[in-house]
Structures are given as C-alpha cells and as structure tokens.
Amino acid sequence: MDIDTRQLRYFAAVVEEGNLTRAAERLYVSQPALTKQIRQLEAQLEADLFVRSRAGMAPTEAGEALAAHAGAVLTAWERALRVTRGATTRAARTLRVGFVASAANEHTQPIIADFARRRPGWRVQMRQTEWTDPTAGLATGEVDVALLRLPVPAESDLDVEVLLTEPRWIALPVGHRLAAEDRIRFQDLYDEPFVAPPAESGEWRDYWLAADEREGHPVRIGAVAHHPDEWLNAIAHGHGISLTPEATARYYQRPDVVYRPVTGVSPSQIGVARPHTQLVDDAVDAFFLSCRAVCSDTASQAPA
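Presented here is a report on the structure given in the accompanying data block. (Residues numbered from 1 in each chain as written. Predicted model: local features only at pLDDT ≥ 70, side-chain atom pairs only at ≥ 80, totals over all residues. Heavy atoms only, no water.)

### Some details on the overall build of the protein
Spelled out, the test is: Helical segments are the DSSP runs of H or I of at least four residues, strand segments are the runs of E of at least two, and each set is numbered from the N terminus. By definition in these notes, contact holds between two residues if any of their heavy atoms fall within 4.5 Å. Exposure was quantified through the Shrake-Rupley algorithm and a 1.4 Å probe, taking into account, for residues, occlusion by the shown protein chains and nothing else.
Assigned secondary structure in the protein consists of 9 helices and 13 strands. For the protein, contacts bridging at least 24 residues in sequence account for 73% of all contacts bridging at least 6. For the protein, the accessible area works out to roughly 15200 Å², and carbon and sulfur atoms hold 51% of it.

Shown next as structure tokens:
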C-alpha cells in the first residue's frame, strides 16, 4: 500500500490541532481540500481515523495508533530528503544557504566572499523563506545551512551558533503619537496593536511580540505578515506597530514608516545553523568558519 506523505502530514496536523479549520490554516490549504485528503487516507487504510463532532476532530483508536508512528515516519522521510538533496548539491559544488529577511544583512556578502576563498569553484545559492518558517528551509531539508534571526523552534533539532547581537527597535507609522520621540519605552506600547508573524512560526512569533517581556499585559494583534513587504504595508496603513532589528532601519526605509530605539526589551541575535543530524560536510564547515571570521571582525571593529 502506497501512502502519500502529504496525506500523512495533513493527518498529523489535524491530530495536533484537533480542528479542521485550524489545521487547514496551518497547512495553507482550504478546508474542503484537507477533508478530501483525510477521507482518501481513511479509504486507503479502510479505517475511520477521526470522530467528528461540533467540538472538533478526535482520533479514533485506529487514528491514535497511526498518530503514534506518523511523526517518526515523517521525520525519517524528511531526513532522507535532506541527505539526498545535500548529496546532489555537493556533486554540483553548490551550497544552499537559507535566510529570513534581515538576517545577516550587510554581513552576508562578505561571508559569501570569504567562503569563496575557502572553497574555490563552489557556488552559493541564497534562498529566502517567508516568516512561516523561521528555520529558513533547514527543517524541510531545502537548504544546507542558514542565517537566522533567533530564536529557532525548540523542536527543529538544529545546531545554532550565535554570531551577532543587536538591539530591537520599534517600527511605527509616521503619524503615530510616539513617532517624534527619540527613544520609546516598551511599557508605553503594551496596549498598541502589533503586526505579528504567522502563528506557524511559534516561539519566533512570541519573541517578536515580546510576549514574555510585557509584565503580564496581553498582546493585541492588529495584522499578520508573512514577509517584509506585507509587514511594512500593515505598519504604514496603521494596522499595528512592530519590534524589529536595528538593521531594519537601514534596509527597509520608506517615508510612511519610522524606526525608533526602544527600551525595556532584550536584544536580537543573529545565528548560523545547520541540522543536528547532518552528515559531515566540509562545505558547511567552511561556511561556519566564514561566518565566524566575518562577524568576529565586525565585533572587534565596533566602538566600545
């Protein structure tokens, strides 16, 4: 019997969410399409996997039995894909580097240049991901190494090395009541609506909302953004404000958005990461060395 891994992922999402609507939103598919895939899986297995009710979707005994093994199957398949893709890119002398917006910024090109000196003949292929995936493609095996804004999801099983630290600032619409301030206390922003990363990004979303640094004040979500353009438009149109790395003020300037230093929140960290289960890879090792060399030089040149 051949089971589509997509059906297995959909099944696992419904088990975890306990609700078709939430699972469909998480998977970026329509609810009818998700329902169809679940029914096809049930037909193939000749078993009812869920008890459906107004309260949601609860796994049957058969569903619980499948759920106990589905995660391991999906993890093994993803690792197999990662190894296969890695072998293909090594044969082509290509290093796939994932990144999320405003990761290493001005350090990226020097890192790539340093890597080229260490590995002559190799090509670096940069791949940007949306904010739904804070691992920048590492979790799915689409890249070999990634430049990230920390934190990364605890379950992503990555080896991460912190390269740089910089303050978090606040991005505001130009007409905001605090836009003229030179520096803003985060406490003065507790009741403001925020533009949030997608819920799928988990603790990464919580970090950029400073959910743990609000002294118990709840977060108000004014809009959700998946990438920088969507984020900037939401802020400019007054749907919310947002914490952001200091470097964003240099890289994403526009006349209807202002950036200000903010006190009362921890700084942001930039890291380089690879899968914990990755096989020995000289190219990835060389990229790590390049990251250390470039970023340590930057740190030593920073004013005291």
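### Structural notes on the sheet that holds strand β11 (residues 242-245)
Put simply, the test is: Pairing between strands is defined by DSSP: at least two bridges between the two strands are required.
Read across the open sheet, the 4 strands follow the order β8-β12-β7-β11; overall the sheet is mixed. What marks the edges here is a single partner per strand, and that holds for β8 (184-185) and β11. As paired elements, β8 and strand β12 (residues 257-263) share 2 bridges and run parallel to each other. Bridge assignment links I184 to a residue of β12, and that residue is V262.

### Examining the packing of aromatic side chains
Condition: By convention, a stacked pair of Phe, Tyr or Trp rings (six-membered ring in the case of Trp) has centres within 6.5 Å and planes under 30 degrees apart, an edge-to-face pair has planes over 60 apart, and any other such pair is tilted. Whether a residue is buried, partly exposed or exposed follows from its accessible area with a 1.4 Å probe, protein chains only, as a fraction of its type maximum: under 20%, in between, or over 50%, in that order.
In this structure the tally under the stated criterion is 8 aromatic pairs. When the ring of F115 is compared with that of F287, the centres are 6.0 Å apart and the planes differ by 65°; the resulting orientation is edge-to-face. Taken together, the residues span a long stretch of sequence, with F115 in helix α5 (residues 108-118) and F287 in helix α9 (residues 282-301) at a distance of 172 residues. Residue F287 is classed as buried on the basis of its relative accessible area, which comes to 0%. Ring centres 6.3 Å apart and planes at 80° place the aromatic pair W131 and W231 in the edge-to-face group. Here W131, found in the loop between β4 (123-128) and β5 (145-149), pairs with W231, found in helix α7 (residues 228-236); they are 100 residues apart in sequence, far enough to count as distant. Like W131, the residue W231 is buried in the burial classification. Aromatic rings pair up to connect W131, W204, Y207, W208 and W231 into one cluster.

### Some words on the packing of helix α1 (residues 5-17) against helix α3 (residues 31-45)
To be explicit about the condition: Lines are fitted to the C-alpha atoms to define the axes, a helix being fitted only along its stretch in contact, and any angle between axes, read from their N-to-C directions, falls within 0 to 180 degrees. Working rule for angles: under 35 degrees goes down as roughly parallel, over 145 as roughly antiparallel, 65 to 115 as roughly perpendicular, anything else as oblique. Only Asp, Glu, Lys and Arg are considered charged, only Ala, Val, Leu, Ile, Met, Phe, Trp, Tyr, Cys and Pro nonpolar, and every remaining residue, Gly among them, polar.
Close contact between α1 and α3 brings their axes to 9 Å; oriented N to C, the two are set at 110°. By the criterion of interaxial angle, the relationship of α1 to α3 is roughly perpendicular. Every residue of α3 that contacts α1 at R6, Q7, Y10, F11 and V14 is listed here: L34, Q37, I38, Q40, L41 and Q44. By residue class, the composition of the contact of α1 with α3 is 6 nonpolar, 4 polar and 1 charged.

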